[in-house]
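This is what each chain is made of:
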Amino acid sequence: MKKRRIDIITLGCSKNLVDSEQLIRQLEEVGYSVTHDTENPQGEIAVINTCGFIGDAKEESINMILEFAERKEEGDLKKLFVMGCLSERYLKELAIEIPQVDKFYGKFNWKELLQDLGQTYHDELYIERTLTTPRHYAYLKISEGCDRKCSYCAIPIITGRHISKPIDEILDEVRYLVSQGVKEFQVIAQELTYYGVDLYKKQMLPELIERISDIPGVEWIRLHYAYPAHFPTDLFRVMRERDNVCKYMDIALQHISDKMLRLMRRQVTKEDTYKLIEQFRKEVPGIHLRTTLMVGHPGETEEDFEELKEFVRKVRFDRMGAFAYSEEEGTYAAEAYEDSIPQEVKQARLDELMDIQQGISAELSAAKIGKQMKIIIDRLEGDYYIGRTEFDSPEVDPEVLINSSEKELEIGQFYQVEVIDADDFDLYAKVINV
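Residues numbered from 1 in each chain as written. Predicted model: local features only at pLDDT ≥ 70, side-chain atom pairs only at ≥ 80, totals over all residues. Heavy atoms only, no water.

## Thoughts on the overall build of the protein chain
What the protein chain contains, in helices and strands, is 14 helices and 18 strands. Radius of gyration (C-alpha) of the protein chain: 22 Å, near the 22 Å computed for a compact globule of 434 residues. Seen through its C-alpha atoms, the protein chain measures out along the principal axes to roughly 60 × 55 × 45 Å. Sorting the 434 residues of the protein chain into buried and exposed places 55% on the buried side. (Helix = DSSP H or I, 4+ residues; strand = E, 2+ residues; numbered from the N terminus. Rg over C-alpha atoms; globule rule 2.2 N^0.38 Å. Buried < 20%, exposed > 50% of the residue type's maximum accessible area, 1.4 Å probe, protein only.)

And the structure:
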């Protein structure tokens, strides 16, 4: 056990990761040595940043807390702190159930952790972070919370109402990150398209992205977690005109059946959804769409599921994830609907939907063979350099593999490559210039 060393473990989404990175920077400023997500924790203090989105995530967070609580009981740890979404939602219950934890913090009051260590939060470092990603890319969180009222979602219960970060503060953060070597920005929020409504009384995402794209050194901007209702259509123009705004949109659609969209309280119709997808592809040629779909929501019949399958086959999403409904206490669905679809039916539907997408992904990947693309190199792994195109977000999307014996490449640099092979998800390529 090393003194003044802290282990930080981040669970859940990239929005949590940004919070952890800000905390690491603050801890380092006051003299702590910090290790992030270490497989072999050795510090005298541990901080677990939890996720509380769905059942599996909650279980993972609780198991991690219990694992570290045991280490504390065995004397391998002096202090254990817990923060994040699970802690925000179940703070009182957790404090009673797991007394080995020295203190639980919510999602937004983690600054108190510094005070409890006898330290001061440095306001002047508010835009600074210690990156845990490769230094050439970073996640950029532009807002917190969500004003949507989707039936199944506990996020508004956990994070509260949508709060946009001021544009000038975001631009300052981008400039700072560029000065640290960041070239690629994954713009994230619970709900991107609502950005600015609370602060500026109108949707400001197109203007924000345009202003970020003006900053020298910003090579790629990628957008995550848009909402289909009331989409700010001026964003099409920005994506079309700005070379450093990736032709990529992560937009969770959840379902296509009108009945299911109504039960889910999604504020869109089947017709709206098809029109929006058509508009994306017309206004932004070459765009790659990523979506998330849900199966097994209360009320979903075989007919609704067949409609969803047909939607996936027809639209042919470039990237798609799916998950089975899990009832979350406090949500509209938990209070108003009966979770009557058996788990095995949910899983069978999920498997079937992903099988369809796997076939589509294989065909779309194969169609890229022989094409030239710009990629960024993330890492060297085994015999391959691993890179991504502008159509691929880290962690969740396909990668481009280049044999490391071909040429020596530099991590974080862009290269022009030719795709020479493909499997269901990943591409294989050779560099055509260095």
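Now that the structure has been shown, the text picks up again.
## Side note on the sheet that holds strand E18 (residues 427–431)
In space, the five strands of this closed barrel follow the order E14-E15-E16-E18-E17, with mixed pairing throughout. Averaged over all adjacent pairs, the angle separating strand axes in this sheet is 50°, with direction ignored. The pairing of strand E14 (residues 372–381) with strand E15 (residues 384–389) spans six bridges and is antiparallel. Each bridged residue has a counterpart across the sheet, and for Leu-380 the counterpart in E15 is Tyr-385. (Pairing = 2+ DSSP bridges. Axes fitted to C-alpha atoms, helices over the stretch in contact; angles between N-to-C directions.)

## Notes on the domain arrangement of the protein chain
With domains assigned, the protein chain is organised as domain 1 (3–123), domain 2 (135–365) and domain 3 (369–431). The centre of domain 2, based on its C-alpha atoms, is set 25 Å off from the matching centre of domain 3. With 22 residues of domain 2 in contact, the opposing surface of domain 3 contributes 26 residues. Buried area between domain 2 and domain 3, summed over both chains or domains, comes out near 1,900 Å², and the portion from carbon and sulfur atoms is 51%. Of all residues in domain 2, His-136, Trp-220 and Ser-365 give up the largest surface area on contact with domain 3, accounting jointly for 32% of the area buried on that side. (Domains from an automatic or database assignment. Contact = heavy atoms within 4.5 Å. Buried area = accessible area lost by both parts, 1.4 Å probe.)

## Thoughts on the pattern of salt bridges
For side chains of opposite charge, pairing can occur when their charged atoms come near one another. In this structure the tally under the stated criterion is 40 salt bridges. In this structure, the salt-bridge partner of Arg-240 is Glu-283, at a minimum N-O distance of 3.0 Å. Of the two residues, Arg-240 is situated in helix H9 (residues 234–241) and Glu-283 in helix H11 (residues 270–283); the sequence distance between them amounts to 43 residues. Given a relative accessible area of 37%, Arg-240 falls into the partly exposed group. What makes Glu-283 partly exposed here is its relative accessible area of 28%. (Salt bridge = Lys/Arg side-chain N within 4 Å of Asp/Glu carboxyl O.)

## Examining the pairing of E14
Both E14 and strand E17 (residues 414–422) contribute to a ladder of five bridges, which runs antiparallel. Considered in E17, the bridge of Ile-376 is made with Phe-414.

## Re the nonpolar core
Core analysis: the largest hydrophobic core is formed by 56 residues, its most contacted members being Ile-142, Ile-209, Ile-212 and Met-249. The element best represented in this core is helix H6 (residues 167–179), accounting for six residues. Ranked by size, the runner-up nonpolar core spans 18 residues in total, among them Tyr-32, Val-47, Leu-113 and Tyr-121. (Core = buried A, V, L, I, M, F, W, Y, C linked by side-chain atoms within 4.5 Å.)

## Details of the UniProt feature "binding site: [4Fe-4S] cluster 1" (unreviewed entry) in the protein chain
According to UniProt, the positions carrying the feature "binding site: [4Fe-4S] cluster 1" (unreviewed entry) are Cys-13, Cys-51 and Cys-85. Considering the C-alpha atoms alone, the annotated residues occupy 73 residues of sequence yet fold into one spot, their largest mutual distance being 10.3 Å. Secondary-structure assignment places Cys-13 in the loop between strand E1 (2–10) and helix H1 (14–29). Overall, the relative accessible area of 31% leaves Cys-13 in the partly exposed class. Inspection of the secondary structure puts Cys-85 in helix H3 (residues 85–97). (UniProt positions renumbered as here; feature names shortened; annotations may be inferred.)

## Side note on the pairing of E18
Here E18 shows a clear split, with Leu-427, Ala-429 and Val-431 buried on one side and none of Tyr-428 and Lys-430 buried on the other. Across two bridges, strand E16 (residues 400–403) lies against E18 in parallel orientation. Within E18, the position partnered with Val-400 by the bridge is Leu-427. The sheet contact formed by E17 and E18 spans five bridges and is antiparallel. Note that in E18 the partner of Val-419 across the bridge is Ala-429. The turn linking E17 back onto E18 is made up of four residues.

## Examining the side chain of Lys-15
Position of Lys-15 among the secondary structure elements: in helix H1. Buried charge without a salt bridge: Lys-15, with Glu-144 as the nearest opposite-charge side chain at an N-O distance of 7.6 Å. (Lys, Arg positive; Asp, Glu negative; His and termini not counted.)

## Comments concerning the packing of aromatic side chains
Taken as a whole and judged by the stated rule, the model has 11 aromatic pairs. Centre to centre, the rings of Trp-110 and Tyr-121 are 6.2 Å apart; their planes meet at 70°, and the pair counts as edge-to-face. A residue pair is termed long-range when its members are at least 10 positions apart, and Trp-110 in the loop between strand E5 (103–104) and helix H4 (111–116) and Tyr-121 in the loop between H4 and strand E6 (137–141) qualify at 11 residues. Residues Trp-110 and Tyr-121 agree in their burial class; the two are buried. Centroid distance Trp-220 to Phe-414: 4.9 Å. Interplanar angle 75°. Geometry classified as edge-to-face. Here Trp-220, found in strand E10 (residues 220–226), pairs with Phe-414, found in strand E17; they are 194 residues apart in sequence, far enough to count as distant. Of the two residues examined, Trp-220 and Phe-414, each falls in the buried class. Connected via pairs of aromatic rings, a cluster forms that spans Phe-231, Phe-236 and Phe-280. The ring of Tyr-248 has Arg-222 sitting right over it, with the charged end atom 5.5 Å from the ring centre. (Phe/Tyr/Trp six-rings, centres within 6.5 Å; stacked < 30°, edge-to-face > 60°. Lys NZ or Arg CZ within 6 Å of the ring centre and 35° of its normal.)

## Quick look at the UniProt feature "domain: Radical SAM core" (unreviewed entry) in the protein chain
When the UniProt feature table is mapped to this numbering, "domain: Radical SAM core" (unreviewed entry) covers residues 132–363. Between the end C-alpha atoms of residues 132–363 there is a gap of 34 Å, over a span that is 43% helix and 18% strand.

## Some remarks on the environment of Ala-46
Locating Ala-46 in the fold gives a position in strand E3 (residues 43–50). For Ala-46, a relative accessible area of 0% corresponds to the buried category. For the pair formed by Ala-46 and Ala-334, sequence separation is 288 residues and the distance between their alpha carbons is 34 Å.

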